[in-house]
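# Working through the structure, step by step
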Amino acid sequence: MNLFRKKSIQTLIQESGQKDVTLKKELGAFDLSMLGIGAIIGTGIFVLTGVAAAEHAGPALILSFILSGLACVFAALCYAEFASTVPVSGSAYTYSYATFGELIAWILGWDLILEYGLASSAVASGWSGYFQGLLAGFGIHFPKALTSAYDPANGTFIDVPAIIIVFVITLLLTQGVKKSARFNTIMVIIKLAVVLLFIGVGAWYVKPGNWTPFMPFGFSGVTTGAATVFFAYIGFDAVSTAAEEVKNPQKNMPIGIIASLLVCTVLYIIVSAILTGIVPYQLLDVKNPVAFALNYIHQDWVAGFISLGAIAGITTVLLVMLYGQSRLFYAISRDGLLPKVFSKVDKKKQTPTVNSWITCLLVSFFAGLVPLGRLAELVNIGTLFAFMTVSIGILYLRKNKQAPKTGFRVPFVPYIPILAFIFCGYLAIQLPAVSWISFGIWLVIGLFVYFGYGRKHSTLDITNNQMRKVS
């Protein structure tokens, strides 16, 4: 039964205040909202919209975004209560430690390592493509061998631009959370301006005839599209990893999580409506659908700004994902389930510097050498699994009356958590079998790591043994 030993919420909060591992509290509600928008608006809106419309949903892509958005809104409410109740780094991993116990927390933490790590690598790979396209416009080209992941048949061996951007973002992250948040805010303002520019220009070129037939692939196409564009919403949960670095987390965490998600959902729906209204959906199977739509209506000058905005957008996604990965490693390491080097904090900058550079090396390896398609394969299922666990966690929290009466609380319990679980579960079922098999293999590897290292070094286990000896 000690596999399911739990940490009380009070213990988790007390441990976060230990002098040798403390993080600096510098973030407010605006910073968190910008982090959320920075994480969400990027690859999804600039890349996935075209493929999802052309192959799965057609103009009904609007419904796909609404369906995915609903699943995320319900899950976001659950995250907001946990973030308000347990203002500690680690996101869903930490919440599970308080509700389900150590083994389930480890499984979820291992799952989130997959989500943040591979998402970071996939985003870095996507950034490389846009950046190379921008340079090509100026007649600058990398040697082909250095332009993409290992694929000798196509003459590519390593994606150097992807590795460079991971190192640059890591260097920024190690300078302190406030500097990172300031840079993120500037980039978010740029990409929001670009998205609004697309809406302002594109709305005048919409032809309602392009929305017919509205649902060419049937409702099954809408649901498959929803599972595909779900990647576009990944990121709001990364906001919860910032909990220990937030001023007044009980108030600011829920605002940051919910505000960022609502802003992005509205923008996604408007952009997808305009996109499919400008261009017949059959033509949208391209890597840069937003810029392509503007070229289609001969607004080439705006398309150039869109490419710049896409680079800014993808940069902020990478920043927040790398940030989330490093804070996740930090939280798991502090509990003893990973080596202590991951929870070592730089005294001057009050950031987990060593951890950040280890994360950088791991993400660089996958971004530089593994093809983008394989990277993205596992990210959605890992995120949906985390959302489902957090949703059920709220029911446990309320049943055992662990949650304090102060701070944000999910309305209409148990209905909202149950709806979050059902929506996310339904989307997970839409994913291909290979994703489930690969995910299962990843979890098995995680169990070997836990029983080989984590269980023996768990600080909770060590503390319990010491207490038994004293008694």
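Residues numbered from 1 in each chain as written. Predicted model: local features only at pLDDT ≥ 70, side-chain atom pairs only at ≥ 80, totals over all residues. Heavy atoms only, no water.

### Considerations on the overall build of the chain
The condition that has to hold: Counting from the N terminus, the helices are DSSP H or I runs at least four residues long and the strands are E runs at least two residues long. C-alpha atoms define the radius of gyration, and 2.2 Å times the number of residues to the power 0.38 defines the globule rule. Only protein chains enter the accessibility calculation, which uses a 1.4 Å probe; a residue is then buried when its area is under 20% of its type maximum, exposed when over 50%, and partly exposed in between. Should any heavy atoms of two residues lie within 4.5 Å, those residues are considered in contact. All accessible areas in this document rest on Shrake-Rupley with a 1.4 Å probe, and a residue is counted as covered only by the protein chains that are shown. His residues and chain termini do not enter the charge count, which takes Lys and Arg as positive and Asp and Glu as negative. By convention, the charge on Lys lies at NZ, on Arg at CZ, on Asp at CG and on Glu at CD.
The helix and strand tally for the chain stands at 18 helices and 0 strands. Rg of the C-alpha trace for the chain: 22 Å, near the compact-globule value of 23 Å for 471 residues, within the 12% margin. Overall, the C-alpha framework of the chain stretches about 80 × 50 × 40 Å when taken along its three principal axes. When each of the 471 residues of the chain is scored for burial, the buried share is 58%. Relative to all contacts within the chain whose residues are 6 or more apart in sequence, the contacts with residues 24 or more apart total 82%. Accessible area for the chain stands at about 18500 Å²; split by element, carbon and sulfur atoms hold 70% of it. For the chain, the separation between the mean place of its 32 positive charges and that of its 20 negative charges on side chains is 9 Å.

### Quick notes on empty space enclosed by the protein
The cut-off we apply is this: Definitions used throughout: a 1 Å grid over protein atoms alone; a cavity as a set of points that fits a 1.4 Å probe which cannot get out; a pocket as an open set with protein on both sides within 12 Å along at least five of seven lines; a lining residue as one with an atom within 4 Å of a point. Grid points are joined across faces, edges and corners, and a volume is the space filled by probe spheres set on the points. Asp, Glu, Lys and Arg are counted as charged, while Ala, Val, Leu, Ile, Met, Phe, Trp, Tyr, Cys and Pro are counted as nonpolar; the rest, among them Gly, fall into the polar class.
Tallied over the entire structure, the rule returns 3 cavities of 30 Å³ or more. Broken down by secondary-structure element, the contributors of at least two residues to the lining of the largest cavity are helix H2 (29–40), helix H3 (43–57), helix H6 (102–136) and helix H12 (300–334). For the lining of the largest cavity, a count of residues per class yields 9 nonpolar, 3 polar and no charged. Of the volumes computed, that of the second largest cavity is approximately 40 Å³. Leu12, Glu15, Val88, Ser89, Thr94, Ala331, Arg334 and Asp335 together form the lining of the second largest cavity. Of all the elements in the fold, those that place two or more residues in the lining of the second largest cavity are helix H1 (9–16) and H12.

### Details of the packing of aromatic side chains
Operational definition: When the centres of two rings from Phe, Tyr and Trp lie within 6.5 Å, Trp using its six-membered ring, the rings pair. Their planes under 30 degrees apart give stacked, over 60 give edge-to-face, and anything left gives tilted.
Applying the stated criterion across every chain yields a total of 21 aromatic pairs. For the pair Phe167 and Trp357, a centre-to-centre distance of 6.0 Å together with 45 degrees between the ring planes defines the contact as tilted. Of this pair, Phe167 sits in helix H7 (residues 160–173) while Trp357 is found in helix H13 (residues 353–369), placing the two residues 190 residues apart along the sequence. An aromatic cluster of at least three residues, connected via ring pairs, comprises Tyr79, Phe82, Tyr95, Phe230 and Phe387.

### Quick word on the environment of Thr228
Along the polypeptide, Thr228 turns up in helix H9 (residues 218–229). Separated by 228 residues in sequence, Thr228 and Lys456 have C-alpha atoms that sit 39 Å apart. Beyond its immediate chain neighbours, meaning those up to four positions away, Thr228 contacts Leu48, Ala52, His56 and Asn380.

### With respect to the pattern of salt bridges
Keep this limit in mind: Salt-bridge detection follows one rule: a side-chain nitrogen of Lys or Arg within 4 Å of a carboxyl oxygen of Asp or Glu.
Applying the stated rule across the entire model yields 4 salt bridges. With a closest N to O distance of 3.1 Å, Asp31 and Lys178 form a salt bridge. Taken as a pair, Asp31 in helix H2 and Lys178 in helix H8 (residues 177–202) lie far apart in primary sequence, 147 residues in all. For Asp31, a relative accessible area of 12% corresponds to the buried category.

### So, a nonpolar patch on the surface
Definition in use: Patches here are clusters of residues that have more than 30% relative accessible area and form no salt bridge, with a 9 Å joining cutoff for like charges and a 5 Å cutoff for nonpolar side chains (Val, Leu, Ile, Met, Phe, Trp, Tyr).
Residues Phe214, Met215, Phe219 and Tyr426 make up a contiguous nonpolar surface patch of roughly 370 Å² in combined accessible area. Inspection of the secondary structure assignment puts Phe219 in helix H9.

Bear in mind that shape data such as this cannot, by itself, settle questions of function.
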